[in-house]
Amino acid sequence: MKNNNIFIFCFIFFLCTALLNAQEKTEILDFEKHKVKKKETLYGLSKQYNVPIDSIIAYNPKLKRKGLKKRMVLKIPIYKEKGFIYHKVLTKETKWSISQKYNTSIETLEEKNPKIIGGLKVGDLLRVPEIDTIIIDPKYKEYVVKPKEGFYRIKINTGLTEEQLKKHNPKLDSLGLQVGMVLKIPIEKDSLMDPYSISLPPLIDLSSLSRKKDTVNIAVFLPFKIEELKNTLKSGNLVLKERNLHTISLEFYSGLRWAFVKAKELGININAKIYDTQNSTWVIDKILNSNNFDNIDVIIGPLIPTNFNFLASKSTETAIVFPLSTMGIEMQPNVFQSVIQEEFLRKKSLSFLTKKLNKKQDSILILHDTNHVDIRDELLATIDSTAFYDIEEYKFLHPQNIDTIVSKVKNTKIILETEKLSYISSIVSLLSSSHKKNDSVNIQLLTTYRDPVYENNSISNKDLSEINFTFLSGFKTDIKKENSRFYKEYFNFYGYNPTKESIRGYDLALDIILRVSVAGSLKKSTVLGTTKYIENKFFYVEKEEGGFENIAYYILKNNEFWFEELNSF
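What counts and how
Residues numbered from 1 in each chain as written. Predicted model: local features only at pLDDT ≥ 70, side-chain atom pairs only at ≥ 80, totals over all residues. Heavy atoms only, no water. Axes fitted to C-alpha atoms, helices over the stretch in contact; angles between N-to-C directions. Helix = DSSP H or I, 4+ residues; strand = E, 2+ residues; numbered from the N terminus. Parallel < 35°, antiparallel > 145°, perpendicular 65-115°, else oblique. Left-handed = near helix turned anticlockwise from the far one by under 90°. Contact = heavy atoms within 4.5 Å. Nonpolar A, V, L, I, M, F, W, Y, C, P; charged D, E, K, R; others polar. Phe/Tyr/Trp six-rings, centres within 6.5 Å; stacked < 30°, edge-to-face > 60°. Buried < 20%, exposed > 50% of the residue type's maximum accessible area, 1.4 Å probe, protein only. Expected span 1.5 Å × (residues − 1). pLDDT = per-residue confidence, 0-100. Pairing = 2+ DSSP bridges.

Engineer: Is there a simple way to think about the packing of helix α14 (residues 342–356) against helix α15 (residues 373–382) in this case?
Structural biologist: How two helices pack is summed up by the angle between their axes together with the distance between the axes. At a minimum axis separation of 10 Å, α14 and α15 run at an interaxial angle of 30°. In terms of their interaxial angle, α14 and α15 are classed as roughly parallel. For the crossing formed where α14 meets α15, the hand is right-handed. Contact with α14, carried on its side by Arg 346, Leu 350, Leu 353 and Thr 354, involves Ile 375, Glu 378, Leu 379 and Thr 382 of α15 and no other residues of that element. Looking at the contact of α14 with α15, its residues break down into four nonpolar, two polar and two charged.

Engineer: Help me out: how do you make sense of the packing of aromatic side chains in this one?
Structural biologist: Geometrically, a pair of aromatic rings is defined through the distance of the ring centres and the angle of the planes. Inspection of the entire model under this criterion finds 23 aromatic pairs. Pairing Phe 486 with Tyr 487 gives two aromatic rings, centres 5.9 Å apart and planes at 80°, and the pair type is edge-to-face. Relative to Tyr 494, the ring of Tyr 490 has its centre 4.6 Å away and its plane inclined at 40°; by these criteria the two rings are tilted. Of this pair, Tyr 490 and Tyr 494 both sit in helix α19 (residues 485–494), four residues apart, which is roughly one turn of that helix. Like Tyr 490, the residue Tyr 494 is buried in the burial classification.

Engineer: What is the right way to read helix α20 (residues 500–519) from this model?
Structural biologist: Three- or four-residue spacings in an α-helix give side chains the same orientation, since the helix completes a turn every 3.6 residues. For α20, spanning 20 residues, the distance from its first C-alpha to its last is 28 Å, which sits close to the expected 28 Å at 1.5 Å a residue. Across the 20 residues of α20, 19 count as buried, placing the element largely inside the fold.

Engineer: Could you clarify how one ought to interpret the confidence of the model for the protein chain in this entry?
Structural biologist: Should the pLDDT be low somewhere, the predicted coordinates at that spot are not to be read in detail. Mean pLDDT for the protein chain: 81, with 83% of residues reaching 70 or above. Here helix α1 (residues 2–24) stands out as the element of the protein chain with the lowest mean pLDDT, 41, in contrast to strand β9 (residues 298–300), whose mean of 97 is the highest. Counting contacts from residues 1–25, a segment whose pLDDT is below 50, to residues more than four positions away or on other chains yields six contacts. Across residues 132–136 the pLDDT falls below 50, and counting only partners more than four positions away or on other chains, this stretch makes 16 contacts in the model.

Engineer: Is there a simple way to explain the pairing of strand β12 (residues 362–368) in this structure?
Structural biologist: Residues in a regular strand project their side chains so that they alternate between the two faces of the sheet. In terms of burial, β12 is a largely internal element, seven of the seven residues being buried. Strand direction decides the pairing type here: β12 and strand β13 (residues 387–390), joined by four bridges, are parallel. Of the residues in β13, the one forming a bridge with Leu 365 is Ala 387.

Next up, the structure:
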């Protein structure tokens, strides 16, 4: 009786195992050929390839007739399994290069793929465990060694000396630095880098790096208001001529689509789901309840902070990117603010100004309105012997005052703090005129924040160029942009020129796609360097309150028809 119970138990166990295998092993990725060696058994082959014996027999009917024979060539099915990704071995690849690509060990590769213990073969399909590739240990983050990068450059980016790097990465002693190598960088879990004190890492071309994902899944939430758009067009209302959510959404989306085209040219598959939010949280909630977002890598949008905050609160695991606006949003661990913030630009500019202004050689003048007294006081706290004027009190200043200040020394630095168009236009014209009277004097106009009002046609680009207007910006616009390859390709594809929103959509989407493809997820990509596209740069830092903020800036100086990018303020 006891033996019968054991038999029944074993039968049920093997039956459950078979059913489990049948459930998990349903999708065949490929077949491998295996030449049977002396003393090999079906059990051994089953273990070697992690395939049930029944499957080997099913795809090799001759086994039923002849049994397993030496030199027999078998077809071994390779099934897709949960918890694994699959890599087909390419020419010149090694176990070490593959282990580094997927941030695993050679031992793990051999354990999961016993067939490679004796060596790799081109075309081998390897099982690689899906693991968290960035946070190895709560005390560490990862750093991927970039092309032509040495210990000095890594020190600039991480703050660690060669000795410190070797202490935490013993493999450096035997292997040295190698492109693509993943280094452990110690971090204080509760202490994040001060974004105002760090330098931007070097620019990196993500399209040239090896990839962890060849398919990126994206969801886009934009307020197209399709039904309203159809009705207005039917009624003859030319709604698209106005700047509103319709036009902004469509222009931004046109840039996204072009990025998808470019990504496919790079060999990256894009699965994109586009949703019309109709600028309504109710509609967003309905979309979330009616669709499965488990496999989505990144959500782009919505455009409006209220809608964005609502979606972010509902989708707490998937990375969600705020795409266009500098308006404040609620930061959460999965939130990415992709637009550089005014507060950051001001503080970073203040940091540059207090370090770069030479008090002995420069005449320094601060012009401000009553809304920017706090900025003036911050500057005065670190820059001694600086003159300042309240623009409103002195009625835009008198030309004689400006001429007197400008003529004192060769270098005159003027810091203008106002967003009022009338003030900016008058002062820029006044300074330009003064410079023309005395062109031996070098005038440089600076500001801690270039408001969009500077793009108004009443402010002369020629005058700004005359006085070397210099500022920090989150994007770079070239007035001669129509001659660029991007513009020509875009025009040929759509039949019209891209807008600022179109270019933003293209830059943002292509960066997201490449980051996810290279690092495996958007969050994991934050250890990579600075990226740069048509007009926008990206480098994300983690915020104390949670989430990530883009702090990649340009230092720009006005020329008459374009902006010159500088290395220093």
